[in-house]
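Structural overview for review
The residues making up each chain are set out below.
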Amino acid sequence: MSLTQPQPSRGGEPARPVGRWRLLLPQLRRQRVGLGAAIFLLVVAASGILAPQLAPYDPLRIDARNTLAPPSGEHWFGTDDVGRDVFSRVIWGARISLRVGFVSAIISTVIGVVLGLVSGYYEGAVGFVILRAMDLLLAFPGILLALAIVSILGSSIENVMIAVGISAVPTFTRVVHGSVLSVKQNDYVEGARALGCRAVGMFRRHIFPNVLAPVIVLFTLQIGAAIFSASSLSFIGLGAQPPSPEWGAMVSRGRYVLSNAFWMSAFPGLAIALVVIAINVLGDSLRDLLDPRIR
Amino acid sequence: MYKFVLRRILILAPLLIMISFLVFSMIQLVPGDPVILMLGEYSVANAESIQALREQLGFDKPFYLQYWNYFTSLVQGDLGMSIRSKKPVLEQIVQRLPSTFELTLAGLGFAVVLGIFLGVVSALYHNRWPDRMAVTIALLGMSIPSFWLGLMLILIFSVYLRWLPVTGTSLKSLVLPALTLGLWAAGPIARFTRSGLLEVMRQDYIRTARSKGLRERTVVWHHMLRNALIPVVTILGIRFGQILAGTIIIEAVFARPGLGLYLLNAIVAKDFPLVQGIILFVAAAYVIVNSLVEVTYAAIDPRIEYG
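Right, let's get into the interface of chain A and chain B. Counting residues at the interface gives 38 residues for chain A, matched by 43 residues for chain B. Together, the buried faces of chain A and chain B total about 3,400 Å²; carbon and sulfur atoms form 83% of this surface. Three residues, Leu136, Ile152 and Phe228 of chain A, lead the burial of chain A against chain B; their summed loss comes to 18% of the area buried on that side. Taken together, the connections running from chain A to chain B amount to one salt bridge. Close ionic contact of Arg191 of chain B with Asp284 of chain A constitutes a salt bridge, the shortest N to O distance being 2.6 Å. In this assembly, chain A and chain B are joined by five residue pairs in polar contact (both at pLDDT 80 or more). Mapped by element, the contributors of at least two residues to the side of chain A that touches chain B are helix 5 (125–138), helix 6 (144–153), helix 10 (199–235), helix 11 (247–254) and helix 12 (263–290) of chain A. The leading source of residues in the side of chain A that touches chain B is helix 12 of chain A, at eleven residues.

This is the structure we're talking about:
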């Protein structure tokens, strides 16, 4: 099916070319797993937003007579060591984790994309300095960079967002840089330049739309990676502080009573795992949809 | 080849210097007075000890001189003194290194074996159920937080089944941490192996090998894997770094007395020279290993230009 072939028109209406969405639809149908992941994430997000209405108990209310109660009809996920309802805390935790994921992924995306566009467009000294700076950040593998930043800024969930956000900047910069370099090879970019197109117009009209697809995929995957890293930092005590119902912090608190109250660690950890799995599945689906080159 | 190695070293040296500068600057970026922060509640009112520590750390000198002193001692293998234990940082690192190194190697080994196995299964049964299963295992491994997986493994194998100890220094106590770490790191290796194999399988020489009447096993192991694994080697250096950093979390879960747990304690204790020393050590180890991997890669793949 060609893009420009006019569709048979009805009732004298002018024929329209097949739209982008029309083309995407059959492909969307093939991404059933990705669609399922997206729906699951929407449910999690909605329950996080509606936590005050949905959670059966106050996530911070201590009940000294009802500590470490196993899962039951009254407390679906049991209660923790000070009698707080684990189910309610997991629902409230969705709020925290999704916010952390979004905010830090936005930090990485904005800084990373700007640096990638600039370093790809101005290949000379500016590009060199930016790329070497990224190499330097990449010298601190995995969670080490975020850990270093948190040890400077101090332990709090806000600082974790900044730390995790910064530590993923090089990934975005490198991908965008590479895309810009390949886009620049195209004749139409050369043509636009010959016609006197300024740098800003060039970014907006010609370069940015072309690097958008990989950025959307990376952004999605980064939300999951950020939730993963942030909960790890909270687990080791450098992120969310008690009594916050952050999932990583909840798993951490539960490990001291693991052998007689597994539910304290098991359920919040399961929540992290399911959300990160769903985001990764969604990211992979988006990649298949938007970026057929890397299938 | 010599030229290539030389060039890697020429890239490595400025990178190491920049790393040392960044790690050194860490303490300057701490909001507030780092000396008071380090002393904490121990001696807030004691102006003398504040002054003494400030002089010990060289904070009374200008920034560039501070870095110069830091750098020159670094070159001589002096990473400074821990504020809490008052012992040389390097000595403390070396003491805890074997445990972390052991865990890193075991984790990497398990990740490579599992990752390549999953990748091979995936590619050979492309789009059939073993492929889907292998891809799912790889995805789960990457997505399940290692600290939680570690705890759940402890719960199953140590608490309920009583097969393996939770902590300790025996080889048996290495099984669960290495498994946790390896499962997490196997995912990307599996994906690389899978896509590499799928690429190689389409090549003409594979068809030639088959039409020569070679056994399928020979074709897979000798003709396909050899070429498909070359790109996998390049990501091993990166995986090594991530596993090394991952030990920080795993050591906290399994209470293993390694470098990672030590770093966490140092961060909590605001022992900045120790924090800086460990972070510098890990970053330097990572970039050096990465360079070694690249040189090895160039050595095993004749298609790489050394120039």
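Below, the discussion takes up the environment of Ala146 of chain A. All names here are of chain A. Assignment of secondary structure puts Ala146 in helix 6. Residues Ala146 and Gly165 lie 19 residues apart in sequence; the distance between their C-alpha atoms is 8.3 Å. Not counting residues up to four positions away in its chain, the partners in contact with Ala146 are Ala163, Val164, Ser167 and Leu233.

Before going further, it helps to examine helix 8 (residues 169–184) of chain A. All names here are of chain A. With 16 residues, helix 8 should reach 22 Å at 1.5 Å per residue; the first-to-last C-alpha distance of 22 Å fits that figure. Considered for burial, the residues of helix 8 that qualify are Val169, Pro170, Phe172, Thr173, Val176, His177, Ser179, Val180, Val183 and Lys184. Considering only its buried residues, helix 8 is in contact with helix 4 (86–121), helix 5, helix 7 (157–167), helix 9 (187–194) and helix 10.

On average, residues of chain B score 86 in pLDDT, and 94% of them are at 70 or above. Per the prediction output, this complex has pTM 0.88; the corresponding ipTM is 0.88.

Another point: the packing of helix 10 (residues 216–254) of chain B against helix 12 (residues 272–300) of chain B. Residues and elements named next belong to chain B. Look at helix 10 against helix 12: their axes get within 9 Å of each other, and the N-to-C directions meet at 170°. With respect to helix 12, the axis of helix 10 lies roughly antiparallel. Taking contact as the criterion, the partners of Ile230, Val233, Thr234, Gly237, Ile238, Phe240, Gly241 and Leu244 in helix 10 are, on helix 12, Val282, Ala285, Tyr286, Val289, Asn290, Val293, Tyr297 and Ile300. Considered class by class, the residues forming the contact of helix 10 with helix 12 number twelve nonpolar, four polar and no charged.

For the structure on display, the rule yields 14 salt bridges over all chains. Here Glu123 of chain A and Lys184 of chain A are joined by a salt bridge, their closest N and O atoms 2.8 Å apart. You can see Glu123 of chain A sitting in the loop between helix 4 and helix 5 and its partner Lys184 of chain A sitting in helix 8, a full 61 residues away along the chain. For the salt bridge of Arg8 of chain B with Glu294 of chain B, the shortest nitrogen-to-oxygen distance reads 2.7 Å. On the criterion of sequence distance, the pair formed by Arg8 of chain B in helix 1 (residues 2–29) and Glu294 of chain B in helix 12 is long-range, its members being 286 residues apart. Residue Arg8 of chain B is classed as buried on the basis of its relative accessible area, which comes to 17%. Overall, the relative accessible area of 31% leaves Glu294 of chain B in the partly exposed class. Each of Asp80, Arg84 and Arg89 of chain A takes part in a single network of salt bridges with overlapping partners.

Once that is clear, we can look at helix 5 (residues 89–124) of chain B. In this model helix 5 of chain B runs 50 Å from its N-terminal to its C-terminal C-alpha over 36 residues, within 8% of the 52 Å that 1.5 Å per residue would give. Its maximal kink placed at Leu97 of chain B, helix 5 of chain B deviates by approximately 45°, while the proline Pro98 of chain B follows within four residues.

This part covers a nonpolar patch on the surface. Residues Phe102, Val103, Ile106, Val110, Ile111 and Val114 of chain A make up a contiguous nonpolar surface patch of about 480 Å² in total accessible area. Relative accessible area serves as the criterion here: at 46%, Val114 of chain A is assigned to the partly exposed category.

The next subject is the side chain of Asp85 of chain A. Residue and element names in this part refer to chain A. Structurally, Asp85 is set in the loop between helix 3 (51–54) and helix 4. Buried charged residue Asp85 carries no salt bridge. Nearest counter-charge: Arg61, at 8.4 Å. Beyond its immediate chain neighbours, meaning those up to four positions away, Asp85 contacts Pro56, Tyr57, His75 and Gly78.

Conventions we followed
Position numbers for residues start from 1 in each chain and track the written sequence from start to end. To label them, take the chains in the order written and letter them from A, then take the ligands in the order written and number them from 1. Only residues with pLDDT of at least 70 are given local features in this predicted model, and only at 80 or more are side-chain atom pairs given and counted; all residues enter the totals for whole chains, interfaces and linings. Here the side-chain values reflect all heavy atoms present in the structure, with hydrogen atoms and water set aside. Note on definitions: a residue-residue contact is assigned when non-hydrogen atoms from the two residues lie within 4.5 Å. Once two parts are put together, the accessible area they lose, assessed with a 1.4 Å probe and summed over both, is termed the buried area. In the sections that follow, a salt bridge refers to a side-chain nitrogen of Lys or Arg positioned within 4 Å of a carboxyl oxygen of Asp or Glu. Any pair of N or O atoms that falls within 3.5 Å is considered a polar contact. Within protein, one atom must be able to donate a hydrogen and the other to accept it, and sequence-neighbouring residues count only if both atoms are side-chain atoms. Only DSSP runs of H or I with at least four residues qualify as helices, and only runs of E with at least two residues qualify as strands; both kinds are numbered from the N terminus onward. Multiplying one less than the number of residues by 1.5 Å gives the expected span of a helix. Categorising residues by exposure relies on relative accessible area from a 1.4 Å probe, with only protein chains included: less than 20% of the type maximum marks a residue as buried, more than 50% marks it as exposed, and the intermediate range marks it as partly exposed. Within a predicted model, pLDDT stands for the predictor's per-residue confidence, ranging from 0 to 100. All axes are obtained by fitting lines to C-alpha atoms, using only the stretch in contact for helices, and the reported angles, taken between N-to-C directions, cover 0 to 180 degrees. Oblique is the label for every angle not falling under 35 degrees (roughly parallel), over 145 degrees (roughly antiparallel), or within 65 to 115 degrees (roughly perpendicular). Three classes are used, and their members are as follows: Ala, Val, Leu, Ile, Met, Phe, Trp, Tyr, Cys and Pro are nonpolar, Asp, Glu, Lys and Arg are charged, and the others, Gly among them, are polar. Here the bend at a residue means the angle between the axes of two seven-residue stretches, the one that ends at it and the one that starts at it. What makes a patch is a set of residues exposed beyond 30% relative accessible area and free of salt bridges, joined within 9 Å when like-charged and within 5 Å when nonpolar (Val, Leu, Ile, Met, Phe, Trp, Tyr). Areas reported as accessible are Shrake-Rupley estimates using a 1.4 Å probe. Residue values count occlusion only from the protein chains shown. Counting rule applied: Lys, Arg positive; Asp, Glu negative; His and chain ends not counted.

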